[in-house]
Amino acid sequence: MTVPKRPFAVTCLIGLVLTLTGLQALRLWGVLSSWDYLSSLPLTVTPAYLGLSAAGWIALGATLAWGLWRAKAWVPHAIRWAALAFAAVLWLDRSFLQAKGPQSSNWLFDLLFTLLLMASVIGVLAFPKVRHYFGEPHE
């Protein structure tokens, strides 16, 4: 089966997925390289949680990027759920695990940015060319 020509919007979505995956890779590297230091801090979670969650996001991101690149039919559904899960975990971590401090002052910006990214992902997947790329029937 030949892969149809990739729409620019899908290329942008691949870039977003790879960027977020790369940030998780940096997070994993940071946890692994600073394990002893992180273990000495009075954190509400162990470094294992930080490392395993980053590794999970890396695996998911790599799978989604591959599926986007190869125009796999399951990707639009998986991307929607992954975006929702990523936002939910981000906000749960921020709300319950992050220490309170000055970083809490920008929650409105972070919320708006999260909603903008979610809307962008859902919007890109709704474009007719994108739907055709993944083999979805036209309605």
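Let me sum up the structure you'll find in this document.

**Overview of the overall build of the protein chain**
Then, in step 1: Helix and strand counts for the protein chain come out as six helices and zero strands.
Then, in step 2: Reading the protein chain from its N end, one meets helices and strands in the order α-α-α-α-α-α.
Then, in step 3: Across its three principal axes, the protein chain shows a C-alpha extent of roughly 55 × 30 × 20 Å.
Then, in step 4: Expressed as a percentage of its 139 residues, the buried residues of the protein chain come to 29%.
Then, in step 5: For the protein chain, the exposed surface amounts to about 9000 Å²; the carbon and sulfur share of it is 74%.
Then, in step 6: Of the side-chain charges in the protein chain, 10 are positive and 5 negative, and the distance between the mean point of each set is 11 Å.

**Here's the deal with unusual backbone geometry**
Then, in step 1: The backbone of alanine 71 sits at a positive phi, close to 60 degrees, despite the residue not being glycine.
Then, in step 2: Alanine 71 sits in the buried class, given a relative accessible area of 7%.

What counts and what doesn't
Residues numbered from 1 in each chain as written. Predicted model: local features only at pLDDT ≥ 70, side-chain atom pairs only at ≥ 80, totals over all residues. Heavy atoms only, no water. Helix = DSSP H or I, 4+ residues; strand = E, 2+ residues; numbered from the N terminus. Buried < 20%, exposed > 50% of the residue type's maximum accessible area, 1.4 Å probe, protein only. Areas by Shrake-Rupley, 256 points an atom, 1.4 Å probe, with all protein chains shown as cover. Lys, Arg positive; Asp, Glu negative; His and termini not counted. Charge placed at Lys NZ, Arg CZ, Asp CG, Glu CD.

Read these as layout, nothing more, since geometry by itself doesn't imply function.
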